[in-house]
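# What the coordinates show
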Amino acid sequence: MQLLIAALTAVALVLMPVHAAKEVFAHMIVGNLPEFTLSDWEDDIRLAQASKIDAFVLNIAAKDPSNDKSLDLAFEAANALNFSLFFSFDYLAQGPWPQANVTALLQKFTPNPAYFKHQDNNNNNAGRSRPLVSTFEGPDSAADWPSIKAATDAFFVPDWSSKTASDAAALAGGVVDGLFSFNAWPDGAANMTTDGDRAFQAALAPQKKAYMMPVSPWFFTNLPGFDKNWLWRGDELWDGRWRQVMEVVPDFVQILTWNDYGESHYIGPVRKKELGLFTTAKAPLEYVKGVTHDGWRKFLPFYIEVYKTGKVPAEVEEGVAAYYRTAPALACPAGGTKGNNVDFGQTEVAPEGLVEDSVFYAALLKSDEGVTVTVSIGGKQQTGAFTRAPAAGAGTLGVYMGSVPLGENTGDVVVTVSRDGQTVATAEGGKGISTECENNVQNWNAVAV
Ligand SMILES: *[C@@H]1O[C@H](CO)[C@@H](O)[C@H](O)[C@H]1NC(C)=O
Ligand SMILES: *[C@@H]1O[C@H](CO)[C@@H](O)[C@H](O)[C@H]1NC(C)=O
Ligand SMILES: *[C@@H]1O[C@H](CO)[C@@H](O)[C@H](O)[C@H]1NC(C)=O
């Protein structure tokens, strides 16, 4: 077996692209995509490549009858476009994966050139190319993984965030090669901190195990059929969290998510054919319909370059992105949505206590010198300010952040950044702000343009 793996590895080194950390992935819920065609997969892969994302993490639930067809299409598209994919076995959606099924799927797909390989330079592995494998939960099945790894040479980085980092790192004799944290959203009205990330690094670094850090723009779910109805604060989260990536410098970053519509943290496009779960889960409204998140991809090439090189580039294309909820918090009944979730050991609060009624914006600029921000809501103009400069300070190249209150204004939102009277960039074209509530329930999702 060892010889066989060594031989396969030698072939692999010649034929397949191998990757060294630092890499950026996006989480893709395969269960949302039973209607996806080859060209849908190719469209999403092209968008991810334009954003400089290295691979999709394919979240697959046990027993999902759509997996076989979806995985075949996904790998066909990835091969055609030189993109990479790897698996996250979801142990919660439909119960734990049987060990034999995990091994069989990995043996089928990891030899595929499009399956993401991590170049493992740790622990005397001398750059061995190993298929990256993750999970969503499943610590109770930890004992399956020594055998799965022996059969597949998996570089195993599960999300076992229901355990502490040090407990998860020790499970099954320390079977993990690294850990992914799913803790991407702040508690209450606070800003997200790096405390959780530092705890993972502190538990993993002494054992030379990898840390995969989560980055997410938003969280809102209202799916009564799945008993889910809560909100976490996304104000200032996306751009603030990327700054934290530069401080933490994890081995890998995973964006949560590309297409999890049910929890409103998608950064990929919204297609009608992907929204079946809103019917299945009896949602009071399709809160992602017409709610683009495209703006959250705008600065990814910049953030990913800075993360990978550790340096701010000398040149950038300047731009502006904006995000906002489409109604003031008190304009519509809350729809039973709670702020926070007691199941995560948090104190429930009223949702309007978590979020500000504001238009948030971020501008990628060579410098903020001579720059003004104007926010128009339904034609009413406000002048904005930057409340956060890049890490190197005002006047430097990087992302500047700020916000203005919604006030009583309704209508289309246009955010314009100008320098010395000349327009540098605008963010516009998203659904406007209104106090009329679809189905008489608050939509706590946000538009990002
Ligand atoms: C595991 O694989 C077997 C054989 O292909 C299949 O019959 C079974 O449904 C699979 N179980 C799960 C939970 O996916
Ligand atoms: C394929 O993608 C890898 C990055 O994942 C890149 O290094 C390589 O040059 C690409 N090959 C082709 C033929 O485009
Ligand atoms: C979050 O951080 C921003 C930027 O530093 C700051 O303006 C804001 O007051 C903070 N909010 C909270 C609730 O701490």
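- Per an unreviewed UniProt entry, the protein chain is named Glycoside hydrolase, and its organism is Chaetomidium leptoderma.

## What about unusual backbone geometry?
- A cis amide bond links leucine 256 with the next residue in sequence, threonine 257, at an omega value of 5°.
- One can find threonine 257 in the loop between β11 (252-255) and α9 (276-280).
- Positive phi, close to 70°, is recorded for lysine 63, a residue that is not glycine.
- What makes lysine 63 exposed here is its relative accessible area of 68%.
- A positive phi angle, near 60°, is found at asparagine 82, a position not held by glycine.
- With respect to the helices and strands, the residue asparagine 82 is situated in the loop between α3 (67-81) and β3 (84-90).
- In this structure asparagine 82 comes out as exposed when scored by relative accessible area, which is 65%.

## A short note on the site of ligand 1
- All residues adjacent to ligand 1 are Ala62, Lys63, Pro98 and Asn101.
- In this structure, lysine 63 approaches ligand 1 through a main-chain N or O atom, which is 3.3 Å from an oxygen atom.
- One of the side-chain N or O atoms of asparagine 101 is found 2.3 Å from an oxygen atom in ligand 1.
- Taken by itself ligand 1 offers 360 Å² of open surface, and the protein chains cover 39% of this.

## Here we look at the sheet that holds strand β14 (residues 358-365)
- Pairing is antiparallel in the open sheet, where 4 strands are placed in the order β17-β14-β12-β20. This sheet does not close on itself; its edge strands, each paired only once, are β17 (398-405) and β20 (446-448). Direction aside, neighbouring strands of the sheet carry axes that sit 15° apart on average.
- Against the sheet, helix α8 (residues 237-248) engages β12 (319-325), β14 and β17, with an angle of about 150° to β17.

## Points about the site of ligand 3
- If you check the shell around ligand 3, you find Ala189, Asn191, Glu236 and Arg388 and nothing else.
- Interatomic distance of 2.3 Å between a side-chain N/O atom of asparagine 191 and an oxygen atom of ligand 3.
- Contact with the protein chains covers 50% of the free accessible surface of ligand 3, which is 360 Å².
- Classifying every residue of the shell around ligand 3 gives 1 nonpolar, 1 polar and 2 charged.

Scoring rules and cut-offs
Residues numbered from 1 in each chain as written. Chains lettered and ligands numbered in written order. Predicted model: local features only at pLDDT ≥ 70, side-chain atom pairs only at ≥ 80, totals over all residues. Heavy atoms only, no water. Helix = DSSP H or I, 4+ residues; strand = E, 2+ residues; numbered from the N terminus. Buried < 20%, exposed > 50% of the residue type's maximum accessible area, 1.4 Å probe, protein only. Near = heavy atom within 4 Å. Polar contact = N/O pair within 3.5 Å; in protein donor to acceptor, adjacent residues only side chain to side chain. Areas by Shrake-Rupley, 256 points an atom, 1.4 Å probe, with all protein chains shown as cover. Pairing = 2+ DSSP bridges. Axes fitted to C-alpha atoms, helices over the stretch in contact; angles between N-to-C directions. Contact = heavy atoms within 4.5 Å. Nonpolar A, V, L, I, M, F, W, Y, C, P; charged D, E, K, R; others polar.

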